[in-house]
Amino acid sequence: YKIWIYKPWLDKLGLSVPKTTDEFYEVLKAFKTKDPNGNGKADEIPFATTPKTTGGGLEYTLMNSFVYSNNYVQNKLILNNGKIEAAYNKPEWRQGIEYIHKLYSEGLIAPESFTMDNNQYKTIGIKNNEITLGASGSSGVAAFTPTVFGEDRRWAEYIALEPLKGPNGLQNAAWNPYPVSASWSSFIITSANKYPEISMRWADGLYDEQTSIRNVFGIEDTNWKWLGGKDPQKIGMNGKPALWERLVNMNAGVQNITWQQVGLSYRSAEFWGGEYADMENNLDQVLLYRETERAMEPYKQPLDTIVPPLYFTNEQASELADLSKTIDDYVTEMFARFVIGDADIAKEWDNYVRTLDNMGLQRYLKIYQDAYDSNMKK
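Now for a description of the structure that goes with this document. (Residues numbered from 1 in each chain as written. Predicted model: local features only at pLDDT ≥ 70, side-chain atom pairs only at ≥ 80, totals over all residues. Heavy atoms only, no water.)

1. Structural notes on the overall build of the protein chain
Okay, so step 1: For the protein chain, the count of helices and strands is 12 helices and 10 strands.
Okay, so step 2: In terms of overall dimensions, the protein chain is globule-like: its C-alpha atoms have a radius of gyration of 23 Å, near the 21 Å expected for 378 residues.
Okay, so step 3: A burial count over the protein chain gives 47% of its 378 residues as buried.
Okay, so step 4: In the protein chain, once contacts between residues fewer than 6 apart in sequence are set aside, the share between residues at least 24 apart is 71%.
Okay, so step 5: For the protein chain, the accessible area works out to roughly 19100 Å², and carbon and sulfur atoms hold 50% of it. (Helix = DSSP H or I, 4+ residues; strand = E, 2+ residues; numbered from the N terminus. Rg over C-alpha atoms; globule rule 2.2 N^0.38 Å. Buried < 20%, exposed > 50% of the residue type's maximum accessible area, 1.4 Å probe, protein only. Contact = heavy atoms within 4.5 Å. Areas by Shrake-Rupley, 256 points an atom, 1.4 Å probe, with all protein chains shown as cover.)

Structure follows, in structure tokens:
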């Protein structure tokens, strides 16, 4: 989860890159009131995000300054010295909501941040060919750009903020150390499969590096080229001689050559960082890699606070399905109501916590705890 900020606006207004939640608030107020795009209109949107995009949503881009809020692995659950806890019934969660509500109530957060889809998100930041979005919450810049860069280089002037330091000193970048188990590209062998051993060998073969490259990027020397780190003129995103180079943007238009992100594949960090840093044709990936390394990597969430993938019995999984649906929907609803001001957090917080317990939150956490304890014994 990242916050991207438009550096030219900071420079024009003589503002430093914000490091804390208080500094971020002051920057957003300046974006709203001081006409940083210089068109004489009050059309600036200080901050926007959407939960529909990767790495977006107010619960994550801003809440990690107050409490660990990680939806990459387990839904806003925290591991605290071996005990599984929820983030959303803690006083720090309330503190985070109060901060976000302040931003929202002063018009510093786009109201659409709760509802807009990816296509709407791509058009919110520019009107009449003028930049109107000061800061944005998403994994990468391409999420809120109407084009994949092309000739419009202004999008390259957004920089990622280091995680904002909250009032209690928390400065956290949520991440997923268990990407395979949390992948949407799952593989299932059913009981009807007559050849499970062959199927498993086939699935395992998809993780081979050469097979993965073919699946995701296409045909060698047609869609991509192997450089092998031998051309000193071509530097990878990681600053080392590039290992490979894209020849065609397979995301542009309909094609029948690659699976892209669908299906099983394995691309190591070395492989990803070894891609030629093509500033003309692949700028969004270059920015994503370099800004993640610079701004986020030093602050990544401690591994011992992240709930690992767990295995549940059929009975546990069935009970969890019912509990999580009820609890997650309520947490999402009340988060939005508290932020918007439809519910007064000062008056209704205690009832909110009691309602979570009445919905079975403690039972929900116990099922996770039992599974965690059982997994750790193995």
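2. Some remarks on a negative patch on the surface
Okay, so step 1: On the surface, a cluster of negative charge is contributed by Asp204, Asp208, Glu209 and Glu270.
Okay, so step 2: Turning to its location among the elements, Asp204 is positioned in helix α6 (residues 196–206).
Okay, so step 3: The exposure class of Asp204 is exposed, given its relative accessible area of 55%. (Patch = residues over 30% accessible without salt bridge, like charges linked within 9 Å, V, L, I, M, F, W, Y side chains within 5 Å. Salt bridge = Lys/Arg side-chain N within 4 Å of Asp/Glu carboxyl O. Lys, Arg positive; Asp, Glu negative; His and termini not counted. Charge placed at Lys NZ, Arg CZ, Asp CG, Glu CD.)

3. Description of the pattern of salt bridges
Okay, so step 1: The full count for this structure, using the stated rule, is 14 salt bridges.
Okay, so step 2: Salt-bridge contacts for Lys19 lead to Glu162; the nearest nitrogen and oxygen are separated by 3.7 Å. Of this pair, Lys19 sits in the loop between α1 (7–13) and α2 (21–33) while Glu162 is found in the loop between β8 (158–160) and α6, placing the two residues 143 residues apart along the sequence.
Okay, so step 3: Exposure remark for Glu162: the relative accessible area of 21% places this residue in the partly exposed category.
Okay, so step 4: Glu98 is the partner of Arg94 in a salt bridge, and the nearest nitrogen-oxygen pair spans 3.0 Å. Within this pair, Arg94 and its partner Glu98 are both found in helix α4 (residues 91–105), separated by four residues, close to a single helical turn.
Okay, so step 5: Accessibility expressed as a relative area gives 24% for Arg94, which makes it partly exposed.
Okay, so step 6: Classification of Glu98 as partly exposed rests on a relative accessible area of 34%.
Okay, so step 7: Beyond isolated ion pairs, a larger network of salt bridges with shared partners links Glu333, Arg337 and Asp342.

4. Thoughts on helix α12 (residues 361–377)
Okay, so step 1: Taking 1.5 Å as the rise per residue, α12 with 17 residues should run 24 Å; its terminal C-alpha atoms sit 24 Å apart, in good agreement.
Okay, so step 2: Those residues of α12 that sit buried are Leu361, Tyr364, Leu365, Ile367, Tyr368, Gln369, Ala371, Tyr372 and Asn375. (Expected span 1.5 Å × (residues − 1).)

5. Quick look at empty space enclosed by the protein
Over the atoms rolls a probe the size of a water molecule, and in doing so it shows where empty space is left.
Okay, so step 1: Summed over all chains, the structure comprises two cavities of 30 Å³ or more.
Okay, so step 2: Taken as a whole, the largest cavity holds about 110 Å³ of empty space.
Okay, so step 3: For the largest cavity, the lining is made up of 15 residues, of which Tyr1, Thr61, Pro163, Leu164 and Asn172 are closest to its centre.
Okay, so step 4: Per-class residue counts for the lining of the largest cavity are nine nonpolar, four polar and two charged.
Okay, so step 5: If you add up the space inside the second largest cavity, you get close to 40 Å³.
Okay, so step 6: If you trace the second largest cavity, you find it lined by Asn70, Val73, Gln74, Leu77, Gln301, Thr305, Ile306 and Val307. (1 Å grid on protein atoms, 1.4 Å probe; cavity = no way out; pocket = protein on both sides within 12 Å on 5 of 7 lines; lining within 4 Å. Points joined across faces, edges and corners; volume = space filled by probe spheres on them. Nonpolar A, V, L, I, M, F, W, Y, C, P; charged D, E, K, R; others polar.)

6. Describing the pairing of strand β2 (residues 45–49)
Okay, so step 1: The buried count for β2 comes to five of five residues, which makes it a mostly enclosed element.
Okay, so step 2: One ladder, built from four bridges, connects β2 with strand β7 (residues 133–137); its direction is parallel. Counterpart to Thr49 in the pairing with β7 is Gly137. (Pairing = 2+ DSSP bridges.)

7. Structural notes on the packing of aromatic side chains
Okay, so step 1: Here the structure, examined in full by the defined rule, presents 24 aromatic pairs.
Okay, so step 2: Between the aromatic rings of Tyr1 and Tyr60, the centroid separation amounts to 4.9 Å while the plane-to-plane angle is 15°, which identifies the pairing as stacked. Taken as a pair, Tyr1 in the segment before β1 (3–6) and Tyr60 in helix α3 (residues 58–61) lie far apart in primary sequence, 59 residues in all.
Okay, so step 3: Judged by its relative accessible area of 8%, Tyr60 falls in the buried class.
Okay, so step 4: Relative to Tyr158, the ring of Phe144 lies with its centre 5.0 Å away and its plane at 75°, an arrangement referred to as edge-to-face. With a gap of 14 residues between them, Phe144 in the loop between β7 and β8 and Tyr158 in strand β8 connect regions that are remote in the sequence.
Okay, so step 5: Residue Tyr158 is classed as buried on the basis of its relative accessible area, which comes to 1%.
Okay, so step 6: Members of the aromatic cluster, joined through ring pairs, are Tyr6, Trp9, Phe31, Tyr121, Phe144, Trp155 and Tyr158.
Okay, so step 7: For the cation-ring pair, Lys102 lies above Tyr25, with the distance from its terminal atom to the ring centre recorded as 4.1 Å.
Okay, so step 8: The lysine or arginine in question, Lys300, covers the ring of Trp175, its NZ or CZ lying 4.5 Å from the ring centre. (Phe/Tyr/Trp six-rings, centres within 6.5 Å; stacked < 30°, edge-to-face > 60°. Lys NZ or Arg CZ within 6 Å of the ring centre and 35° of its normal.)

8. Topic: the pairing of strand β4 (residues 83–86)
Okay, so step 1: Pairing geometry for strand β3 (residues 77–80) and β4, over four bridges, is antiparallel. Along β4, the bridge assignment pairs Asn80 with Lys83.
Okay, so step 2: Adjacent in sequence and paired antiparallel, β3 and β4 are bridged by two residues, among which Asn81 carries a positive phi angle near 55°.

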